[in-house]
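# Structure assessment
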Amino acid sequence: MQPLLTQLLDLPGMDVEDYSDLGRELVLEVEARTTKVTCPRCGNDSTHLHQNHWHLVRDLSMSQHSVLLKLNRRQFKCHVCQKPFSETFEFIGERRRHTDRFAQMIVQQVIHSDLHNVAKQNDLTDEEVASIVQYLSKKK
Ligand SMILES: [Zn+2]
């Protein structure tokens, strides 16, 4: 575990396990601290890790570095249902490629600028910015 980076990242319950500095980009390897996850079907707690699933997601920048989280969305197997399920996170929606706080920051920028400029400034495509805006407006 990387205590300083975990503290700086400040995502509750998540640990930074490792990192790589790619110059302009910082990649943080992130995993949930808990070893016990609740099955969404039956509510049974499972500690049986089935598979690791790593995803790259964009998070808020740190000191001019773009931050990518190499996020482990672990799959557990429920002994009651006999089926695997993926853990969910408070800070990012399912299948999203940006954390919610990154999405909120983008939406704030769009309010004060326009979609195309925000995309350019944040190394995103226009489509990605549009998708972020749509995602957050649905979430509210
Ligand atoms: Zn279950």
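All residue numbers refer to position in the chain's written sequence, counted from 1. In view of the model being predicted, local features appear only for residues whose pLDDT reaches at least 70, and side-chain atom pairs are presented and counted only at 80 or more, with totals across whole chains, interfaces and linings using the full set of residues.

## Structural notes on the overall build of the chain
Applicable threshold: Helix and strand assignments come from DSSP, with helices taken as H or I runs of at least 4 residues and strands as E runs of at least 2, each series counted from the N terminus. Partly exposed residues are those whose C-beta has more than 12 but fewer than 20 other C-beta atoms within 10 Å; with 20 or more the residue is buried, with 12 or fewer it is exposed, and the C-beta atoms are placed from the backbone.
A count of helical and extended segments in the chain gives four helices and nine strands. Its C-alpha atoms give the chain principal-axis dimensions of about 50 × 35 × 20 Å. Buried positions account for 19% of the 140 residues belonging to the chain.

## Examining the domain arrangement of the chain
It is common to give the size of an interface as the accessible area lost on bringing the parts into contact. Inclusion rule: Annotation comment: domain bounds sourced from an automatic or database domain assignment. This entry defines residue contacts through backbone-placed C-beta atoms, with two residues in contact when those atoms are within 7 Å. Each residue is assigned to one class: nonpolar for Ala, Val, Leu, Ile, Met, Phe, Trp, Tyr, Cys and Pro, charged for Asp, Glu, Lys and Arg, and polar for all the others, Gly among them.
For the chain, the assigned domains are domain 1 (1-91) and domain 2 (98-140). Measuring from the centre of the C-alpha atoms in domain 1 to the corresponding centre in domain 2 gives 23 Å. Taken together, the contact pairs six residues of domain 1 with seven residues of domain 2. Broken down by element, the side of domain 1 that touches domain 2 gets its largest block of residues, four residues, from strand S6 (residues 54-62). When its residues are assigned to classes, the side of domain 1 that touches domain 2 shows three nonpolar, one polar and two charged.

## Points about the sheet that holds strand S5 (residues 49-51)
How we decide: Should DSSP find at least two bridges between two strands, the strands are taken to pair. Axes, fitted as lines to C-alpha atoms, cover a helix only where it is in contact. Angles between the N-to-C directions of the axes lie from 0 to 180 degrees.
Sheet architecture is open: three strands sit in the order S5-S8-S9, paired in antiparallel fashion. Each having just a single partner strand, S5 and strand S9 (84-86) make up the two edges of the open sheet. With direction set aside, neighbouring strand axes in the sheet form an average angle of 40°. Inspection of the sheet shows strand S8 (residues 75-77) paired to S9 by three bridges, in the antiparallel sense.

## Things to note about the pairing of strand S2 (residues 25-32)
Bridge count for strand S1 (residues 14-21) against S2 is seven bridges, and the pairing is antiparallel. The partner of Tyr 19 across the bridge, within S2, is Leu 28. Connecting S1 to the antiparallel partner S2 that follows it, the hairpin turn spans three residues, and Gly 23 within it adopts a positive phi of roughly 85°. Across six bridges, the pairing between S2 and strand S7 (residues 65-72) is parallel. The residue bridging Val 30 from the neighbouring strand is Leu 71, located in S7.

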